[in-house]
Amino acid sequence: QLPPIDGDFYNLDLKLSKEDRDIQLQVRNFMEDEVKPLVNDHWNRAKFPFQIIEKFAKLNIAGIAYEGYGCANKSFLLEGIIAQELARVDVSISTFFGVHSGLAMGSIYLCGSEEQKQEWLPAMQRLEKIGAFGLTEPNVGSAVAGGMETTCKRIDGNWILNGQKKWIGNATFADVIIIWARDEDSNQVKGFLVRKENPGFKAEKMEDKMALRIVQNAIITLTNCSVPESDRLQNANSFKDTAKVLQMTRAGVAWQAVGCARGAYEAALKYTKKREQFGRPIASFQLIQNHLVEMVSNLTAMQTLCFRLSELQDQKLLTDEHASLAKVFCSMRTRDVVGRAREVMGGNGILLEYDVARFVADAEAIYSYEGTKEINSLIVGRAITGYSAFVN
Ligand code: FAD
């Protein structure tokens, strides 16, 4: 039995099998017992808590929806529920995991050869090797599909990579970084497994972020970085293959937004029941109850949408526009929820020790990464109208 919790108003957790709920509970307990006591301090100092990795690995949840290579072959629904559980306590830890398990492992799972999958996925599943995903660049973010400046050129048996990547999560310590680059000859985007020890690869930590401070984002510089053909993702032949990875991970980011909103709502609800003003708990005031109801309505709408999203994913019916709609809706609604959570906590809403301030800041990162609100809206707009508003 899961401990009683406030942020699952429609009891959607009951739709999970007993086995999946046990996994959910293990993740929840790990996050509450091992991660929660560390997060505010690490967030404040912008440090990653490497000490949690060993216990994190024991949860056995990396690549949980993939088949083979040590992965559990469970549902995308369970994967989404796990993203929610991680983000409910800390969005940075959930992002570290999403980059590793979704973007990096997912690129290898969807675009790698059998040998590449055998080499990387089992070790990444055990978190013995950590992955990163380098797509965005200093000059090109939203327009990366057509405007990528990082290049690759085949010279004999090797590929020479040159360029820069920006915002790359985990890249300061990852063992393997998936780098996307445009082929100077064919003009197509290709993917590469760049190993951290490669002398042409340099990752510098980005400082002074106001969100996701635990995530170690990096600027990557590739200078005549030589990668053997055997480390080119063998089934990534154009940006369409990159987009397959993003479709899968955008669904995960929608769930992450749900977790962020849920964590903030639960903290705010608890606070308003305890905090007294005018001789009564502030939860008894009508205007405060209105905020709480707005929060739980948004949260429940997001959860039910994401449940259906994952069902579509499990039935292999997920489209880019399904994933984009969920990402847009959830990242917008989460901003509203965390804003109200911060509001009902008064001044304490901006203090780290009350947790909600961290959710407010981190919701801003969710809002922008894996496609901004505008870009994901345009993907949905194109699907429903038949007109593409993208200009290249
Ligand atoms: P821009 O593309 O410069 O956009 C600026 C503004 O213009 C936005 O509001 C955008 O919506 C708008 N805009 C752009 N084009 C249009 C248009 N056609 N119509 C209307 N509006 C438009 N990337 C990785 O590759 N790997 C990572 O691990 C990674 N981690 C990240 C972590 C964090 C915390 C953040 C903030 C970003 C991360 N990113 C990562 C990058 C992220 O995906 C980009 O920030 C995002 O795609 C937006 O790109 P940009 O920041 O360059 O904004």
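Going by an unreviewed UniProt entry, the protein carries the name Glutaryl-CoA dehydrogenase and comes from Planktosalinus lacus. The protein has a UniProt comment under Cofactor (unreviewed entry) that states "FAD". As its UniProt record puts it under Sequence similarities (unreviewed entry), the protein is described as follows: "Belongs to the acyl-CoA dehydrogenase family."

Undergrad: Go over helix H5 (residues 114-125), please, and point to the residues and values.
TA: With twelve residues, H5 ought to run about 16 Å at 1.5 Å a step, and its terminal C-alpha atoms sit 16 Å apart, in line with that. Among the structural elements, strand E2 (71-72), helix H4 (91-111), strand E3 (131-134), strand E6 (176-183) and strand E7 (189-195) are those in contact with the buried residues of H5. Once H5 ends, the next one or two residues include Leu127, with phi positive near 60°.

Undergrad: I'd like a description of the UniProt feature "domain: Acyl-CoA oxidase/dehydrogenase middle" (unreviewed entry) in the protein, backed by residues and values.
TA: Cross-referencing UniProt, the feature "domain: Acyl-CoA oxidase/dehydrogenase middle" (unreviewed entry) maps to residues 132-225 in the present numbering. From the first C-alpha to the last, residues 132-225 spans 17 Å; its make-up is 4% helix and 52% strand.

Undergrad: A description of the nonpolar core should follow, citing residues and the corresponding values.
TA: With 117 residues, the main nonpolar core has Ala264 and Ala341 as its most contacted residues. Looking at this core, the element that brings in the most residues is helix H7 (residues 239-274), giving 17 residues. Excluding its chain neighbours within four sequence positions, the residues that come into contact with Ala264 are Val337, Val338, Ala341, Val356 and Phe359.

About the thresholds
- Residues numbered from 1 in each chain as written.
- Predicted model: local features only at pLDDT ≥ 70, side-chain atom pairs only at ≥ 80, totals over all residues.
- UniProt positions renumbered as here; feature names shortened; annotations may be inferred.
- Helix = DSSP H or I, 4+ residues; strand = E, 2+ residues; numbered from the N terminus.
- Expected span 1.5 Å × (residues − 1).
- Contact = placed C-beta atoms within 7 Å.
- Core = buried A, V, L, I, M, F, W, Y, C linked by C-beta atoms within 7 Å.
- Buried ≥ 20, exposed ≤ 12 C-beta atoms within 10 Å, placed from the backbone.

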